[in-house]
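The residues making up each chain are set out below.
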Amino acid sequence: MGKGVLLLLFLVLVVAEAQLRHGPTASRLTEATPTHLHFYFHDTVSGKSPTAVRVVGPPDASSQSMFGMVNVMDDLLTEGPDAGSPPVGRAQGLYMGSDQAKIGFLQAMNLVFTAGAYNGSTLALLGKNCPLDAVRELPVVGGTGAFRFARGYALLRTHWFDFRTGDATVEYDVYVMH
Ligand SMILES: *[C@@H]1O[C@H](CO)[C@@H](O)[C@H](O)[C@H]1NC(C)=O
């Protein structure tokens, strides 16, 4: 190879490296801003208009872990713990019994915001939720709108649970970089 070709190769590499470091994608990620979201999730499985419905029961009806159960939800999200407090969005997706030893769900959902600064934006969460644990952590795997490039995690704590009906209110603390 001639010296001219080597020099050209060297310059191409320098330019490519600079683009990787300072290109639009890299700068978006390094300038990511942290956001903390706090709201309440209402899982209503009872009554005339449930917002979470069981589409498949556990194949073994006596299963203590509910292994194999699938629920689809369009659950209300509110600012405060009361279901009548101002709405902030909906949690749309599913949770299914995927642990044979205990009640443990695979939960896959979009948090669809309908008010405030994040109205129209969504966050995608996918993770394990053991509803009887005091604190559950779910990864935030992406987002849209104001939450493009989102990465983060959500901490879930049961605020209220009705053993008779199965209805529950869960406190969400979501931390995202976007
Ligand atoms: C959210 O955005 C939609 C569409 O732009 C709008 O119709 C609605 O009024 C907004 N909601 C709130 C609470 O700001």
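As a reminder, the structure under discussion sits directly above these lines.
Fair warning: this is a prediction, and the values are worked out from it, not measured in the lab.

Draft legend 1. Representation of the overall build of the chain. Across its full length, the chain carries two helices and nine strands. Helices (α) and strands (β) of the chain occur, in sequence order from the N terminus, as α-α-β-β-β-β-β-β-β-β-β. Burial statistics for the chain: of 178 residues in total, 35% are counted as buried. Taking the intrachain contacts of the chain between residues at least 6 apart in sequence as the baseline, contacts between residues at least 24 apart amount to 46%.

Draft legend 2. Representation of the environment of V140 in the model. Note that V140 resides in strand 7 (residues 136–144). It is 8.4 Å that separates the C-alpha atoms of V140 and Y175, two residues lying 35 residues apart in sequence.

Draft legend 3. Quick look at the pattern of salt bridges. Scanning the model with the defined rule gives five salt bridges in all. Measuring nitrogen to oxygen at the nearest pair gives 3.0 Å for the salt bridge that ties D99 to K128. With a gap of 29 residues between them, D99 in the loop between strand 4 (87–97) and strand 5 (105–113) and K128 in strand 6 (residues 122–129) connect regions that are remote in the sequence. Overall, D99 belongs to the buried group, its relative accessible area being 12%. Classification of K128 as partly exposed rests on a relative accessible area of 48%.

Draft legend 4. Quick peek at the site of the ligand. Lining the immediate environment of the ligand, one finds T114, A115 and N119. T114 is positioned with one of its backbone polar atoms (N or O) 3.4 Å from a nitrogen atom of the ligand. Contacts to the ligand include N119, whose side-chain N or O atom sits 2.3 Å from an oxygen atom. Here the ligand, which alone exposes 360 Å², has 23% of that area covered by the protein.

Draft legend 5. Representation of the packing of aromatic side chains. Following the criterion strictly, the structure yields eight aromatic pairs and no others. Here Y153 and Y175 contribute two aromatic rings whose centre-to-centre distance is 5.1 Å and whose plane-to-plane angle is 25°, an arrangement assigned as stacked. With Y153 in strand 8 (residues 151–161) and Y175 in strand 9 (residues 168–177), this residue pair connects regions lying 22 residues apart in the sequence. The partly exposed category is assigned to Y153, whose relative accessible area is 34%.

Draft legend 6. Local environment of a nonpolar patch on the surface. Judged by side-chain polarity, V53, V55, V56 and V72 come together as a nonpolar surface patch covering roughly 280 Å² of accessible area. Top contributing element to the nonpolar patch by residue count: strand 2 (residues 52–56), with three residues. Within the fold, V72 resides in strand 3 (residues 70–78).

Cut-offs used in this document
- Residues numbered from 1 in each chain as written.
- Predicted model: local features only at pLDDT ≥ 70, side-chain atom pairs only at ≥ 80, totals over all residues.
- Heavy atoms only, no water.
- Helix = DSSP H or I, 4+ residues; strand = E, 2+ residues; numbered from the N terminus.
- Buried < 20%, exposed > 50% of the residue type's maximum accessible area, 1.4 Å probe, protein only.
- Contact = heavy atoms within 4.5 Å.
- Salt bridge = Lys/Arg side-chain N within 4 Å of Asp/Glu carboxyl O.
- Near = heavy atom within 4 Å.
- Polar contact = N/O pair within 3.5 Å; in protein donor to acceptor, adjacent residues only side chain to side chain.
- Areas by Shrake-Rupley, 256 points an atom, 1.4 Å probe, with all protein chains shown as cover.
- Phe/Tyr/Trp six-rings, centres within 6.5 Å; stacked < 30°, edge-to-face > 60°.
- Patch = residues over 30% accessible without salt bridge, like charges linked within 9 Å, V, L, I, M, F, W, Y side chains within 5 Å.

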